[in-house]
Amino acid sequence: PTTSSPTSKPSPSPTQKPVTASPTISEPFFFGDEFLTYDDLGIEVSRGLSVRLIAQTGKRVQYADGDQSNLDYHSQSDAAGIIPLNPDNPLDDGYVYVVNSEEG
């Protein structure tokens, strides 16, 4: 639990230690030996995986139902991760990319 009051500006660094060890591995994982470059997105992924752009810094997020967010997507990410949608079958069920920002 946080014992201090909220501030009007983001904190310069985490104010509490993580409750778990970082799951980040030191070497990147590549699915297969062949890669596909998405020039329009500026990324390279393993062949067989698919990619779609869902948000861009400074732009409103377009929702699947056709609506859009009231705020622009943040510009100062300070942490991110990739989480399997189904840990028992991640290759078939996919992953989700999560990111946060302390931007006010």
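Rules behind the numbers
Residues numbered from 1 in each chain as written. Predicted model: local features only at pLDDT ≥ 70, side-chain atom pairs only at ≥ 80, totals over all residues. Heavy atoms only, no water. Helix = DSSP H or I, 4+ residues; strand = E, 2+ residues; numbered from the N terminus. Buried < 20%, exposed > 50% of the residue type's maximum accessible area, 1.4 Å probe, protein only. Contact = heavy atoms within 4.5 Å. Polar contact = N/O pair within 3.5 Å; in protein donor to acceptor, adjacent residues only side chain to side chain. pLDDT = per-residue confidence, 0-100. Pairing = 2+ DSSP bridges. Patch = residues over 30% accessible without salt bridge, like charges linked within 9 Å, V, L, I, M, F, W, Y side chains within 5 Å. Areas by Shrake-Rupley, 256 points an atom, 1.4 Å probe, with all protein chains shown as cover. Salt bridge = Lys/Arg side-chain N within 4 Å of Asp/Glu carboxyl O.

Visitor: Please set out the overall build of the protein chain residue by residue, giving values where relevant.
Guide: When helices and strands are counted, the protein chain shows one helix and six strands. Counted from the first residue to the last, the protein chain has its helices and strands arranged as β-β-β-β-β-α-β. Sorting the 104 residues of the protein chain into buried and exposed places 6% on the buried side. A fraction of 17% describes how many contacts in the protein chain between residues 6 or more apart in sequence connect residues 24 or more apart.

Visitor: Quick one: what's the story with the side chain of Ser101, residue by residue and with numbers?
Guide: One can find Ser101 in strand S6 (residues 95-101). Among the polar contacts made by the side chain of Ser101, one reaches the main-chain carbonyl oxygen of Gln76 at a distance of 2.9 Å.

Visitor: Please set out the confidence of the model for the protein chain residue by residue, giving values where relevant.
Guide: One rule of thumb: low pLDDT means the predicted coordinates there are not for detailed reading. Chain-level statistics for the protein chain give a pLDDT mean of 78 and a share of 74% at 70 or above. At the level of individual helices and strands, the protein chain shows its lowest average pLDDT in helix H1 (residues 90-93), which scores 82, and its highest in strand S3 (residues 60-62), which scores 93.

Visitor: Please give an account of the pairing of strand S4 (residues 68-72) that cites residues and values.
Guide: With two bridges connecting them, S3 and S4 associate as antiparallel partners. Each residue of the ladder has a partner; that of Gln62, found in S4, is Gln68.

Visitor: Give a detailed account of a nonpolar patch on the surface, specifying residues and quantitative values.
Guide: Taken together, the side chains of Ile82, Leu91, Tyr95 and Tyr97 present a nonpolar region at the surface, about 490 Å² in accessible area. Its place among the elements puts Tyr95 in strand S6. Note on Tyr95: relative accessible area 46%, which makes it partly exposed.

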